[in-house]
Amino acid sequence: MESKAGAFKRCDTQKGTNILVKLVLAAVFGFCGFVFFGLMGLAIGAVFGYMILKVLLEVNNKKDNECMLEDFVSIYETIMIKTEAGIFLTDSLKTCYKSVENKRLKKELYHLMMEITAQNNVTEALSKFQLKFKNVHINELCSVIRQGYETGSVTNAIANVTKHLSDIQKAVELRCNQKLDNNITKVQMVILLSIMVVVIYGMIMSMSDFNIF
């Protein structure tokens, strides 16, 4: 059975790998910068190469987190229904797994279930599951499952799930509103640009009629 220290060791190994990749990218971009722009290009290229992996990972993680919001609503609804039916929180994960659409979350939920089944250590499995994400909703989900497992308090678990579900629904609604606002802004910009093009074209044609050009 792998200890909690083992999970953190793997996390440290991943961090070490990321640092190595950053250094390689810094060397590559630094070399390219030096070839084209000299020492200044070397410095800029090295900094850019070292930072680009972090930026890409953060962008990808943010995108995944946004895609997972609706899945979290589904997960908490499932947990509420199963808990009220007398089914233990960890057993509800099987139904949660089937309802999740995000591929990354679905994959890690499957691994979580396998860890719990193979090792019968919920706390250990949740710790490893939590380390694979940088997501506040994952942390909350793990806290709810851990609380239900350690205290056996179904009532508290349902209360926590209800609160988290409400927070997530608000986050989903906010994201939908932001998307709608962005789409409206894009449409307005297109209309504005179209009007500007028509006005400029009309002005040019008028000036041509008066032989200004």
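Residues numbered from 1 in each chain as written. Predicted model: local features only at pLDDT ≥ 70, side-chain atom pairs only at ≥ 80, totals over all residues. Heavy atoms only, no water.

A word on the packing of helix α3 (residues 103-119) against helix α4 (residues 122-131). Taken N-terminus to C-terminus, the directions of α3 and α4 make an angle of 155°; their axes are 9 Å apart at the nearest point. One finds that α3 runs roughly antiparallel with respect to α4. The interaxial crossing formed by α3 with α4 has right-handed handedness. Touching Leu 105, Glu 108, Leu 109, Leu 112, Glu 115, Ile 116 and Gln 119 of α3 are Val 122, Glu 124, Ala 125, Leu 126, Lys 128 and Phe 129, all from α4. (Axes fitted to C-alpha atoms, helices over the stretch in contact; angles between N-to-C directions. Helix = DSSP H or I, 4+ residues; strand = E, 2+ residues; numbered from the N terminus. Parallel < 35°, antiparallel > 145°, perpendicular 65-115°, else oblique. Left-handed = near helix turned anticlockwise from the far one by under 90°. Contact = heavy atoms within 4.5 Å.)

Nonpolar side chains collect at one region of the surface, where Ile 19, Leu 23, Val 47, Tyr 50, Met 51, Val 55 and Val 59 lie side by side and expose about 610 Å² of accessible area between them. Looking at the element boundaries, Val 47 is found in helix α1 (residues 4-84). (Patch = residues over 30% accessible without salt bridge, like charges linked within 9 Å, V, L, I, M, F, W, Y side chains within 5 Å. Areas by Shrake-Rupley, 256 points an atom, 1.4 Å probe, with all protein chains shown as cover. Salt bridge = Lys/Arg side-chain N within 4 Å of Asp/Glu carboxyl O.)

Our next topic: the side chain of Asp 71. Assignment of secondary structure puts Asp 71 in helix α1. Put simply, Asp 71 is tucked away with no salt bridge, and the nearest opposite charge, on Lys 106, sits 8.0 Å away. For Asp 71, the side chain forms a polar contact with the main-chain nitrogen of Glu 101, separated by 3.0 Å. Residues within four places of Asp 71 in sequence aside, it is in contact with Ser 99, Val 100, Glu 101, Asn 102 and Leu 105. (Buried < 20%, exposed > 50% of the residue type's maximum accessible area, 1.4 Å probe, protein only. Lys, Arg positive; Asp, Glu negative; His and termini not counted. Polar contact = N/O pair within 3.5 Å; in protein donor to acceptor, adjacent residues only side chain to side chain.)

The next point concerns the pattern of salt bridges. A full pass over the atoms with the stated rule returns two salt bridges. With a closest N to O distance of 3.1 Å, Glu 108 and Lys 132 form a salt bridge. With Glu 108 in helix α3 and Lys 132 in the loop between α4 and α5 (136-151), this pair connects stretches of sequence that are 24 residues apart. Residue Glu 108 is classed as buried on the basis of its relative accessible area, which comes to 12%. According to the relative accessible area criterion, Lys 132 is partly exposed, its value standing at 36%.

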